[in-house]
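Next come the chains, spelled out residue by residue.
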Amino acid sequence: MALHVDISPLKAMELFYEGEELGFWEGDFIKNEKQHGLKYPPMLKDFLQKYGFFGVNHGDSRFWLPDDARVININMGTETKEMYLLGILGTYCVGIFAEDCAEEDDPPVSFGESVELDDGRNVLTFSDSGMFLSDVLLCLFTGNIIPKAEDGKTFDTKEEVEEILGRYSYDTDLTNIIENVVRPYRFICYDDEEKKFLCVDLYNDEENGDYEIAAMFSPGISTEELEELFGREFFQNSINCDFAKALHFMEKIIERMEKDKSGTYEIGEKYRLAARCCWALEQWDKAEEWLKKAEPLFNLDFVPPQSRMSYYRGLGNFYTDKGDKEKGTAAYEMEEQIAKENGISLFKVKGDHLMNEGMKLSEEDRLEEAIELFEKALEQFKQDPKGCKYEIARCGQLKGDAKSTIKKRLKAAQGQS
C-alpha cells in the first residue's frame, strides 16, 4: 500500500473532491480588496475559490464569504493593529492580523471569544490560538467531512487504533511522526491504493499518557454537491456551458437517484437534463435514449399538464433539430392534445412553436424568414391577447430586432456604394 503521510489540507480536499471545484468568485475578492483593503492570504483565497461552497466549509466551522468578512482594530497596548475577521471555528471567531496576511502564506491565527463585562455588555476578546491558517483548514477537513462520510469510521480504543496504524507499520514517515512529533498533533494521510483517508490525532495527558484517535473514510462528493456543480455549469454558465462536464455530473446524480427514486417524476427531470446535454453535444442516439426513459415518467397521473406539455415541446424541438420532422410534428401534436384536454389555449402553444422556430432562423442569420415566422406567431398570440400578453411583447421585440438589423445592414451597404 502506498501511503502519503501528513499531506496538506488543500491536497486532501483536492483528493476528496476528485479535482472538482465549487468556490467563491474572483470578483468577490477584488471588490473587497478595493472597498475594504481586505487582502486574503494566498492559501485562504485558494481554499475559498476552490472549495468555499463544498461541505468542507459548511456548518458551525467555516470561513465566510468575502462580503461577510470584517476589518476591525485591535488595541495592543502601545499600538493599534488591523485584524481581519474571516470566519468561525466552533464557538470562536477566526481572526488574522492584516500585516500577517500581507507577508505570510500560512499566517498565525487568533481566536476571538465572547466575554461578558461587569456592565452586562458582551465583547470579543482575542488571543493567540497557537495555530496557523493551515491548522484551521485541517480542522475544517476533519471536523466537517468525517461526520458526514458514508463509509467513515472513527477508532478511539487503544486496540482499534493499534490495529489500524499497524497496517502501515512499514511506513517510516508515519512511524517517525507518531514517535517523535510534539503532541498534540493532527495530520492527514492518504492511501492511494485503497483510496482511503487516514486522519490521526496524537494526544498526551497526565492520566492517559500518549494515546491516538484515528478515522478512515473514502473520497466522495455528496449528491447535493453534485447538484451544485451541475447547476453552476449548466444554468449559471449557460452561455459557455461545458456540456460534457455537466453531463458527467448529471450521470452521477442519476446513478445515485436510480437506487431509491427510480420511476419517479423527479428522476424524469434528471433524464431530460441529461438528454439536453447530449443534444448540445450532438450525441443524438444517447439524447434520444434519455428522452425515451423520461417519457413515461412525464405521463404519470399526478404530473401537471404544463410539465407534460413542456416535455413534448422539448421532444419536438429535439427531433426538429435532429432533422426528423415527422417525429417532431408528432411530439408537437401531443403537446397540443394535452392542451386541449386541459383547457389550455392552443393559440399560445402554436404561437410558441412558430416563435421558437423564428428564433432559430434568427440565430442562423436567416432574418427575412424569421420575420415571417414571428408575424405568424403574433397572429396566433393575438387571438388570445389576455392569455398571451407576455408572448406578444416578446415576439414583437424579436421581430423588431430582426427588422432593425436588416435596416442597419442596408444603410451600411448604401453608404459603401
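Scroll up a little and you will see the structure.
Along every chain, residues carry numbers that run from 1 in the direction the sequence is written. The model is predicted, so local features are restricted to residues of pLDDT at least 70 and side-chain atom pairs to those at 80 or more, both for listing and for counting; the totals for chains, interfaces and linings are taken over all residues. No hydrogens and no water enter the side-chain calculation; it runs on all heavy atoms of the structure.

When you go through the protein chain residue by residue, the secondary structure sums to 16 helices and 11 strands. For 417 residues, the compact-globule estimate of 2.2 N^0.38 gives 22 Å, and the protein chain exceeds it by more than 25% at 30 Å. Overall, the protein chain is about 85 × 55 × 55 Å in size when its C-alpha atoms are taken along their principal axes. Across the 417 residues of the protein chain, 41% fall into the buried class. By definition, residues are in contact when any of their heavy atoms lie within 4.5 Å. Contacts in the protein chain between residues at least 24 apart in sequence constitute 57% of all its contacts with a sequence separation of at least 6. Using a 1.4 Å probe, accessible areas were evaluated by the Shrake-Rupley method; residue-level cover was limited to the displayed protein chains. Approximately 23,000 Å² of the protein chain is accessible, and the part contributed by carbon and sulfur atoms is 48%. Secondary structure elements are taken from DSSP: a helix is a run of H or I of four residues or more, a strand is a run of E of two residues or more, and numbering for both begins at the N terminus. Each radius of gyration reported is based on C-alpha atoms, and the globular scaling rule is 2.2 Å times the count of residues to the power 0.38. Accessibility here uses a 1.4 Å probe with only protein chains present; expressed as a share of the type maximum, an area under 20% marks a residue as buried, one over 50% as exposed, and anything in between as partly exposed.

This part covers the environment of Phe47. By the secondary structure assignment, Phe47 is in helix H3 (residues 42–51). Between the alpha carbons of Phe47 and Leu137 there is a distance of 8.4 Å; along the sequence they are 90 residues apart. Those residues in contact with Phe47, other than ones at most four positions away along the chain, are Leu10, Met13, Gly52, Val56, Asn57, Phe63, Leu137 and Leu140.

Counting 82 residues, the largest nonpolar core has Phe47, Val56, Phe63 and Phe141 as the members making the most contacts within it. Broken down by element, this core gets its largest block of residues, eight residues, from helix H10 (residues 265–280). When near neighbours in sequence (up to four residues on either side) are disregarded, Phe141 contacts Ala12, Met13, Phe16, Val56, Ile146, Ile188, Phe197, Cys199 and Phe217. Side-chain atoms within 4.5 Å link the members of a nonpolar core, which is a set of buried Ala, Val, Leu, Ile, Met, Phe, Trp, Tyr and Cys residues. In terms of nonpolar packing, the next biggest core, distinct from the first, is built from 16 residues, Val5, Tyr168, Ile177 and Leu202 among them.

We call Phe, Tyr and Trp rings a pair once their centres come within 6.5 Å, taking the six-membered ring for Trp, and we label the pair stacked below 30 degrees between planes, edge-to-face above 60, and tilted otherwise. Throughout the structure, instances matching the rule amount to 30 aromatic pairs. A centroid spacing of 5.8 Å and a plane angle of 45 degrees characterise the contact between Trp284 and Phe318, whose relative ring orientation is tilted. Here Trp284 is found in helix H11 (residues 284–298), whereas its partner Phe318 is found in helix H12 (residues 305–322), with 34 residues between them in sequence. Each ring is checked for a lysine NZ or an arginine CZ that lies within 6 Å of its centre and within 35 degrees of its normal; such an atom marks a charge sitting over the ring. Against the face of Phe97 rests Lys81, its NZ or CZ located 5.5 Å from the ring centre. Between the NZ or CZ atom of Arg232 and the centre of the ring of Trp25, over which it lies, the distance is 4.2 Å.

In this section: helix H5 (residues 133–145). Helix length check: H5, at 13 residues, gives a terminal C-alpha distance of 18 Å against a target of 18 Å (1.5 Å per residue), a fit within 8%. The buried fraction of H5 amounts to 10 of the 13 residues, a majority that puts the element mostly inside the structure. Of all the residues in H5, the buried ones are Leu133, Ser134, Val136, Leu137, Leu138, Leu140, Phe141, Thr142, Asn144 and Ile145. Take the residue count of a helix, subtract one, and multiply by 1.5 Å to get its expected span.

Right, let's get into the environment of Ser345. Looking at where Ser345 falls in the secondary structure, it is placed in the loop between helix H13 (325–341) and helix H14 (346–363). Taking C-alpha positions, Ser345 is 44 Å from Ile221, a pair spaced 124 residues apart along the chain.

Paired strands, as defined in this entry, are two strands with at least two bridges between them according to DSSP. By the bridge criterion, nine bridges tie strand S6 (residues 108–116) to strand S7 (residues 122–132) in an arrangement that is antiparallel. Across the sheet, the residue bridging to Ser114 is Leu124, located in S7. Between the end of S6 and the start of S7, which pair antiparallel, lie five residues, with Gly120 showing a positive phi angle near 95 degrees.

Another point: the pattern of salt bridges. Each salt bridge in this description consists of a side-chain nitrogen of Lys or Arg and a carboxyl oxygen of Asp or Glu lying within 4 Å of one another. For the structure on display, the rule yields 25 salt bridges. Residue Lys286 pairs with Glu251 through a salt bridge whose shortest N-O separation is 2.9 Å. With a gap of 35 residues between them, Lys286 in helix H11 and Glu251 in helix H9 (residues 243–260) connect regions that are remote in the sequence. Residue class for Lys286 comes out partly exposed when judged on its relative accessible area of 31%. Judged by its relative accessible area of 29%, Glu251 falls in the partly exposed class.

Glancing now at the side chain of Lys81. In this structure, Lys81 sits in strand S4 (residues 80–89). N or O atoms closer than or at 3.5 Å make up a polar contact, with two conditions inside protein: a donor-capable atom paired with an acceptor-capable one, and, for residues adjacent in sequence, both atoms drawn from side chains. One polar contact links Lys81 to Glu99, side chain to side chain, over a distance of 3.0 Å. Excluding residues within four positions of it along the chain, Lys81 makes contact with Ile72, Asn73, Ile74, Met76, Phe97 and Glu99.

Further remarks concern helix H1 (residues 9–16). Among the residues making up H1, those that are buried are Pro9, Leu10, Ala12, Met13 and Phe16. Down the axis of H1, the smallest arc covering the buried residues is 155 degrees, so these residues share one side. In this structure, the buried residues of H1 make contact with H3, H5, strand S9 (185–191), strand S10 (196–205) and strand S11 (209–217). Positive backbone phi, at 55 degrees, marks Glu18, one or two positions downstream of H1. Working note: the arc is built from the helix axis to C-beta atom directions.

Between Arg183 and Pro184 the backbone carries a cis peptide bond, its omega angle lying at 0 degrees. The topology assignment puts Pro184 in the loop between helix H7 (172–180) and S9. Even without a glycine there, the phi angle at Asp6 is positive, about 55 degrees. Within the secondary structure, Asp6 is located in the loop between strand S1 (3–4) and H1. For Glu282, which is not a glycine, the phi torsion comes out positive at approximately 60 degrees. Mapped onto the secondary structure, Glu282 falls in the loop between H10 and H11.

With that settled, consider the sheet that holds S9. Pairing in this open sheet of five strands is antiparallel, and the strands run S1-S9-S10-S11-S8 from one edge to the other. Two strands bound the open sheet, and with one partner strand each, they are S1 and strand S8 (153–155). Both S9 and S10 contribute to a ladder of seven bridges, which runs antiparallel. Looking at S10, one finds that Tyr190 is bridged to Phe197. Sitting on the sheet, H5 is in contact with S9, S10 and S11, with an inclination near 70 degrees to S9. Axes here mean lines fitted to C-alpha atoms, for a helix over just the part in contact, with angles spanning 0 to 180 degrees between N-to-C directions.

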